[in-house]
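Here's the letter readout for the chains.
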Amino acid sequence: MIPTSLARLAQSMILATFFGVVLMGCAQPAGTSTSSTDEKSAADKTPAAAGTATTDPNPATDDAKPKAAGFLNDWKKPAVALMLSGEQHGYLEPCGCSETQSGGMARRADLFEKLVKDRGWNVVGLDLGGTLKRSRRQDEIKFDQLFEAFRQLNYAAIGVGVEELKLGADFLLTRKTSDEVSPALVSANVVLFDQPDLEWPLPHRLIEKGGVKIAVTGIFGPSLTDKVAPAGVVTNISIRNPDDVLPGVIKNLEALKPDLMVLLCHGNDAEAKQYAKAYPQFKIVLAAGGYDEPDGKPIPVGESWVLNVGHKGKRVGVLGFYPDDKANPFRFELIQLDKDRFQNHPAMRQLMRDYQQQLQDEGIAESEQLLINSHPSGQTYVGAEKCAGCHSKAFEHWKETGHARAFTTLKEGPWHENRAEEKIGWIPRQFDPECLSCHVTGWNPQEMLRYGSGYVKEQVSPHLLGQQCENCHGPASLHVSREEAGAAMDELLEGRRMVKRTLAEAKKTMCIECHDPDNSPKFTPDRFDAFWDEVKHPWKD
């Protein structure tokens, strides 16, 4: 996500592609299925009582195979379809850096509409939790926008993960809802302020859709407890032993006579299987902790299914429930939200506009919360114009690269001619720290934090727009000041050494800060030279 200076010009220039946003569901490099042999063979031998599974035509990669024309092929209408998601990790949409990415709430909304309006299905959404990546003010804003998206897509329950709990008990309690329409946080063993009577998160929820009653509860796995409620630390969050609470919750749910019971298990693979085995009343266990790119096959545990839907919102699972078919009551398909089959729904695009507007209104990019006072080198950023005096050829070449246009792409959309259609209805992102970190100079790209002398906003830091020299070479204040002052040779050499970078450094550690698998999936080690050819530059005239 962000590079900086002439050596970072090397990095800055290394990829003339448009950099990124960490907003949602980006594609990753192609790969084979990562499920274990035992799990795959077990899934292939799913008991007839558990149902049948269908898998998405492109289970493992966004790029490797052509997209299928359809989805849920040959399915008859289920009594109810559950749209299953989770571990979104903050990706509201695919970032704009790559045209190959899958995911996004806007495409998920298109899938929802295709099921509800085109097919006439009864659809209910359930999310495992893990909606965010961090716990900053930007994430709080994102949390609210996500929940509005969930409401519009008829989600009923959201599990509780590490990311939600790191927002804090106070924040979560202010988001408590009491109506039956809004999505609710659900967990049987998470208690805020040691007051179970608060019933937030809800210990369980009953949903009625299409004449079917679905009972849902959630578990926060003991393996994750230390991440949110470590022993001896007061957090106002209590995590109870699932085995102490689930029997009582199950008893309460069974009294409601549901047709289907679902467990949202936010833990690890072993915990999901453990609770599926110990509590067979849950015929469906939606599990966290699985592979980023799951193979789409249910894992049978007795007559129950453990399901994984992957990370970052790139895929959504659809579970069809056929209660009258006692032999095969379920069908499941993991659907890749690719751009070929799914469009960006206007309602979700509007939510994205609202989100970006709120970031601007609150001045999130300028926030002290994102500030790192000084760069590790102790130097400050001066801007590429300062480099131009001595490195004019490198500067002139840089101005023709995508790195120089990186900030403009945030305002206007991708500059590539073959992506001109993306400019239509473009949502500006120049106030979004998750985008700025790789599109301006003077930020830490992976942490999305700005250095004290780095870019703040266009009116304040026009000299730091775009991916400049210092993002690769480091802040150049000492080097520039000594060159301008005509310092002694030993001082000049010291200043030059501070901004010297090698091609090996760029290839190994520098460029990947922004051109990571999410933001630049085509940038792989074996293709480095091709990218470098587009941006390589002479270091002296």
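How each quantity is defined
Residues numbered from 1 in each chain as written. Predicted model: local features only at pLDDT ≥ 70, side-chain atom pairs only at ≥ 80, totals over all residues. Heavy atoms only, no water. Helix = DSSP H or I, 4+ residues; strand = E, 2+ residues; numbered from the N terminus. Buried < 20%, exposed > 50% of the residue type's maximum accessible area, 1.4 Å probe, protein only. Contact = heavy atoms within 4.5 Å. Areas by Shrake-Rupley, 256 points an atom, 1.4 Å probe, with all protein chains shown as cover. pLDDT = per-residue confidence, 0-100. Disulfide = S-S within 2.5 Å. Polar contact = N/O pair within 3.5 Å; in protein donor to acceptor, adjacent residues only side chain to side chain. Pairing = 2+ DSSP bridges. Axes fitted to C-alpha atoms, helices over the stretch in contact; angles between N-to-C directions. Parallel < 35°, antiparallel > 145°, perpendicular 65-115°, else oblique. Left-handed = near helix turned anticlockwise from the far one by under 90°. Nonpolar A, V, L, I, M, F, W, Y, C, P; charged D, E, K, R; others polar. Core = buried A, V, L, I, M, F, W, Y, C linked by side-chain atoms within 4.5 Å. Salt bridge = Lys/Arg side-chain N within 4 Å of Asp/Glu carboxyl O.

1. A word on the overall build of the chain
And then number 1: Counting secondary structure elements, the chain contains 19 helices and 18 strands.
And then number 2: Relative to its full complement of 541 residues, the chain shows a buried share of 58%.
And then number 3: Partitioning the contacts of the chain with sequence separation of at least 6, the portion at a separation of at least 24 is 76%.
And then number 4: Surface exposure of the chain reaches about 21,700 Å², of which carbon and sulfur atoms provide 50%.

2. A short note on the confidence of the model for the chain
And then number 1: Model confidence for the chain is summarised by a mean pLDDT of 87, while 86% of its residues fall at 70 or above.
And then number 2: Segment residues 1-50: pLDDT under 50, and 279 contacts once partners within four positions in sequence are set aside and those in other chains are kept.
And then number 3: Scored below 50 in pLDDT, residues 54-68 shows 55 contacts in the model against residues more than four places distant or in partner chains.

3. A closer look at the state of the cysteines
And then number 1: For the structure shown, the criterion picks out one disulfide.
And then number 2: The partner cysteine of Cys438 in its disulfide is Cys514, sulfur to sulfur 2.1 Å. Judged by the sign of its S-S torsion, about -100°, the cystine formed by Cys438 and Cys514 is left-handed. Of this pair, Cys438 sits in the loop between helix H14 (433-436) and strand S17 (443-444) while Cys514 sits in the loop between helix H18 (503-510) and helix H19 (528-535), and the two are 76 residues apart along the sequence.
And then number 3: The class of Cys438 is buried, set by a relative accessible area of 0%.
And then number 4: The exposure class assigned to Cys514 is buried, which follows from its relative accessible area of 0%.
And then number 5: Of all cysteine sulfurs in the structure, the one in Cys387 sits closest to Cys469, which takes part in no disulfide; the separation is 3.9 Å.
And then number 6: We note that Cys511 lacks a disulfide partner, and the nearest cysteine sulfur, in Cys472, lies 6.0 Å from it.
And then number 7: What makes Cys511 buried here is its relative accessible area of 0%.

4. A short note on the environment of Thr401
And then number 1: Relative to the assigned elements, Thr401 resides in the loop between helix H12 (392-398) and helix H13 (406-412).
And then number 2: C-alpha separation for the pair Thr401 and Glu534, spaced 133 residues apart in sequence, amounts to 7.7 Å.
And then number 3: At 2.7 Å, the side chain of Thr401 and the backbone oxygen of Trp398 are in polar contact.

5. A closer look at the sheet that holds strand S7 (residues 205-209)
And then number 1: Read across the sheet, six strands follow the order S7-S8-S10-S11-S13-S12 without closing on themselves; strand pairing throughout is mixed. Since the sheet does not close on itself, it has two edges, and those belong to S7 and strand S12 (299-301), each with one partner. Strand after strand, the sheet turns through a mean of 25° between neighbouring axes, direction not considered.
And then number 2: Pairing of S7 with strand S8 (residues 212-220), which is carried by five bridges, proceeds in the antiparallel orientation. Residue pairing across strands places Ile207 opposite Ile214, the latter belonging to S8.
And then number 3: Against the sheet, helix H8 (residues 242-254) engages S8 and strand S10 (260-266), with an angle of about 170° to S8.

6. A few points about the packing of helix H4 (residues 137-152) against helix H10 (residues 346-362)
And then number 1: Here H4 crosses H10 at 160°, and the two axes come no closer than 10 Å. In terms of axis orientation, H4 runs roughly antiparallel to H10. Pair H4 / H10 crosses with right-handed handedness. Here Arg137, Gln138, Ile141, Lys142, Gln145, Glu148, Ala149 and Gln152 of H4 come into contact with H10, specifically with Ala347, Met348, Leu351, Asp354, Tyr355, Gln358, Leu359 and Glu362.
And then number 2: Partitioned by chemical class, the residues of the contact of H4 with H10 number seven nonpolar, four polar and five charged.

7. Describing the nonpolar core
And then number 1: Residues Leu82, Leu84, Leu111, Leu126, Leu165, Val262 and Leu319 are the most contacted members of the largest nonpolar core, which totals 96 residues.
And then number 2: Apart from the residues within four sequence positions on either side, Leu82 is in contact with Val124, Leu126, Ile214, Leu260, Val262, Gly317, Val318 and Leu319.
And then number 3: Counting residues in hydrophobic clusters, the runner-up holds 21 residues, among them Leu263, Tyr275, Ala276 and Ile299.

8. Observations regarding the pattern of salt bridges
And then number 1: Applying the stated criterion to the full structure yields 22 salt bridges.
And then number 2: In this structure, the salt-bridge partner of Glu434 is Lys142, at a minimum N-O distance of 2.9 Å. One end of the pair, Glu434, is in helix H14; the other, Lys142, is in helix H4, and 292 residues separate them in sequence.
And then number 3: The exposure class assigned to Glu434 is buried, which follows from its relative accessible area of 4%.
And then number 4: For Lys142, a relative accessible area of 1% corresponds to the buried category.
And then number 5: Residue Glu293 is joined to Lys314 by a salt bridge in which the shortest nitrogen-to-oxygen separation is 2.7 Å. Here Glu293, found in the loop between strand S11 (284-287) and S12, pairs with Lys314, found in the loop between strand S13 (304-307) and strand S14 (315-321); they are 21 residues apart in sequence, far enough to count as distant. Of the two residues, Glu293 and Lys314, both sit in the buried class.
And then number 6: Look at the salt bridges and you will find they share partners, linking Asp292, Glu293, Lys314 and Arg315 into a network.

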